[in-house]
Amino acid sequence: MINLMKILTTSKMRGPSNVLAPVVRELQSRGHQTTIYATGNETEAAGFSGLDYQQISPQEGDYKNLVTGHDVVIVGMSGYTSPDGYFIRAANSLGVPVIAVQDQNSNYQERLGNCSKDFPTLLTLMDENCFNTIKEEYSSELAEELIEKGRVIGWAGFDHYAQLKEEFTDEQKAELLNSISLNPDNKAYLHFTQNLHPDCDYMARVPRSREEKQEGFDYEMKVTQAVFEAASDLGIKLAVKPHPGEKFETNYTKDLAEKHGFTFVPASACNTQQIMLAAHSVTAGRSTCLTEACLLDKNTGGIIPDLGEEWVNPFPPMSLGAIPYTQDWEGINEVVSLVASSDKEVNKTLADYRKSFSVDGKASKRLADLVESL
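One structure accompanies this document, and this report is about it.

Calculation rules
Residues numbered from 1 in each chain as written. Predicted model: local features only at pLDDT ≥ 70, side-chain atom pairs only at ≥ 80, totals over all residues. Heavy atoms only, no water. Buried < 20%, exposed > 50% of the residue type's maximum accessible area, 1.4 Å probe, protein only. Helix = DSSP H or I, 4+ residues; strand = E, 2+ residues; numbered from the N terminus. Pairing = 2+ DSSP bridges. 1 Å grid on protein atoms, 1.4 Å probe; cavity = no way out; pocket = protein on both sides within 12 Å on 5 of 7 lines; lining within 4 Å. Points joined across faces, edges and corners; volume = space filled by probe spheres on them. Nonpolar A, V, L, I, M, F, W, Y, C, P; charged D, E, K, R; others polar. Contact = heavy atoms within 4.5 Å. Lys, Arg positive; Asp, Glu negative; His and termini not counted. Salt bridge = Lys/Arg side-chain N within 4 Å of Asp/Glu carboxyl O. Core = buried A, V, L, I, M, F, W, Y, C linked by side-chain atoms within 4.5 Å. Axes fitted to C-alpha atoms, helices over the stretch in contact; angles between N-to-C directions. Parallel < 35°, antiparallel > 145°, perpendicular 65-115°, else oblique. Left-handed = near helix turned anticlockwise from the far one by under 90°.

Re the pairing of strand E12 (residues 299–303)
- Among the 5 residues in E12, 5 count as buried, and that is most of the element.
- Going residue by residue along E12, you find Asn299, Gly301 and Ile303 tucked away on one face and Thr300 and Gly302 tucked away on the opposite face as well.
- As judged from the 4 bridges shared by strand E11 (residues 281–284) and E12, these two strands associate in the parallel manner. In the sheet register, Ser281 faces E12, and the bridge partner there is Asn299.
- Bridge analysis of E12 against strand E13 (residues 325–326) gives 2 bridges, and the strand direction is parallel. Counted as the bridge partner of Gly302 is Tyr325 from E13.

See the structure below:
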């Protein structure tokens, strides 16, 4: 018989929160007492939507008090100097077992630091490819220590995607497309952007230099422009949905979309997964939308020109060959055309590729089992 535990779950970013939420529900169903701290903004905390969470902004001296009294701590991963990193180190100092949950196969050093004493008790991973990335990021000695702590549990944040797809009806599709001024009788071609201006509120919380933020913004705008030009050349009318953090005094994405005659869909206009389900195709750059769209069985294309393999690894649909993508500016036209195709053979081939990246719906249970093993 499992002893019931007091479990603290916390995350700053939306991605890890999406992963942790179903795990919390599974632990609650088993009778465990849970405390949930969301340390990000409202959009990021919304990953815990439907759960009884507290949105907090702890100071450096608060973390030990917040951890005290709990049997296990489960932490999302956003950065060594973020609240997630402080929670891991506070739990370590108090001797409380801590599980760090990785939501993408990248940035291990940035999230966990470069000192083994700061590593969590266990690190949960999505698939075996994660071990290779750890070896690439760390020295052999540190990699060996972190790999020893690693446990492959799968994609907990996406356990429910099969159900989402199953339950989405033609009526819901028509209603959603009508609500954003798209004709439900026509195919919808969806593109996601993340043109985050360096001075927007969202980027104010990102620990990068302004030069790095400007460089990122310039790159994303260049990608958006290239995708829009490719779609226009192909006669494809895109529906464009921005990252929620793009809100700024100038709406760069909206201005560019309207210039090309595309439909701009405000971030708050509809549910992201539902608009994916209503679409024929989805394109995006370095965005988790690639993962979501692939799991929802949509023609999906990745646009990452001028980016190396370190930007392929974080996105399993690309690293596993489940979707077409391009690392060259010249290849954008081909990817946009391919995923928007109406050819039955092309669509069958793309669907067959997507089978290399799927979920079994049991990752949350495996992570909950791991928590109970502590």
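Still to come is the rest of the account.
What about the layout of surface pockets?
- Size it by volume and the second largest pocket reaches roughly 250 Å³.
- Together, 13 residues line the second largest pocket, and Lys165, Cys294, Leu295, Asp297 and Ser358 are the ones closest to its centre.
- Mapped by element, the contributors of at least two residues to the lining of the second largest pocket are helix H8 (161–167), helix H14 (289–295) and helix H17 (344–354).
- Considering each element in turn, the lining of the second largest pocket owes the most residues, 4 residues, to H8.
- Partitioned by chemical class, the residues of the lining of the second largest pocket number 7 nonpolar, 1 polar and 5 charged.

Comments concerning the environment of Phe262
- Among the structural elements, Phe262 can be located in the loop between helix H12 (252–259) and strand E10 (263–264).
- Residue classification places Phe262 among the buried positions, given a relative accessible area of 6%.
- Remark: the alpha-carbon pair of Phe262 and Pro58, spanning 204 residues in sequence, is separated by 43 Å.
- The residues touching Phe262, leaving out its near neighbours within four places in the chain, are Phe228, Ala231, Ser232, Ile236, Lys237, Leu238, Val240 and Ala257.

Things to note about the side chain of Lys213
- For Lys213, the position within the fold is in helix H11 (residues 210–234).
- No salt bridge is formed by the buried Lys213, whose closest oppositely charged neighbour, Asp199, lies at an N-O distance of 7.2 Å.
- Residues within four places of Lys213 in sequence aside, it is in contact with Pro198, Met203, Ala204, Val206 and Arg208.

Quick look at empty space enclosed by the protein
- This structure, assessed with the given rule, holds 3 cavities of 30 Å³ or more.
- Counted as a void, the largest cavity has a volume near 70 Å³.
- As for the largest cavity, its lining consists of 13 residues, of which Val19, Gln102, Met126, Gly154 and Ala156 are closest to the centre.
- Grouping the amino acids of the lining of the largest cavity by side-chain chemistry returns 8 nonpolar, 4 polar and 1 charged.
- Here the second largest cavity defines a volume of roughly 50 Å³.
- If you trace the second largest cavity, you find it lined by His191, Phe192, Thr193, Gln194, Glu220, Val223, Thr224, Ala284, Gly285 and Ser287.
- For the lining of the second largest cavity, the secondary-structure elements that each account for two or more residues are strand E8 (189–193) and H11.
- Across the lining of the second largest cavity, the residue classes tally to 3 nonpolar, 6 polar and 1 charged.

A look at the environment of Pro317
- On the secondary structure map, Pro317 appears in helix H15 (residues 316–319).
- Pro317 gets classed as buried once you look at its relative accessible area, which sits at 0%.
- As for Pro317 and Tyr86, which are separated by 231 residues in sequence, their C-alpha atoms are 31 Å apart.
- The contact partners of Pro317, leaving out residues within four places of it in the chain, are Leu290, Thr291, Cys294, Ala322, Ile323 and Phe357.

A look at the nonpolar core
- Among the nonpolar cores identified, the biggest contains 86 residues, and Leu112, Leu123, Tyr138 and Leu238 are the most heavily contacted of them.
- For this core, the leading source of residues is H11, giving 9 residues.
- Leave out the neighbours within four places in its chain, and Leu123 touches Met77, Ala100, Gln102, Tyr108, Leu112, Ile134, Leu146, Lys149, Gly150 and Arg151.
- Among the nonpolar cores identified, the runner-up in size contains 25 residues, and Val19, Leu20, Leu367 and Leu370 belong to it.

Observations concerning the packing of H11 against H12
- Contact geometry for H11 and H12: axes closest at 11 Å, N-to-C directions at 20°. As far as their axial angle goes, H12 and H11 are roughly parallel. Relative to H12, H11 is oriented so that their crossing is right-handed. Within the contact between the two elements, H11 uses Phe217, Met221, Thr224, Gln225 and Phe228 and H12 uses Tyr252, Thr253, Leu256 and Ala257.
- Tallied by class, the residues present in the contact of H11 with H12 amount to 6 nonpolar, 3 polar and no charged.

A few points about the environment of Ala21
- Looking at the secondary structure, you find Ala21 in helix H1 (residues 14–29).
- Taking relative accessible area as the criterion, Ala21 reaches 3% and is therefore assigned buried.
- Separated by 271 residues in the primary sequence, Ala21 and Glu292 place their C-alpha atoms 16 Å from one another.

Overview of unusual backbone geometry
- You will see that Ser181, though not glycine, has its phi angle at about 65°, which is positive.
- Mapped onto the fold, Ser181 is located in the loop between helix H9 (170–179) and E8.
- Taking relative accessible area as the criterion, Ser181 reaches 67% and is therefore assigned exposed.

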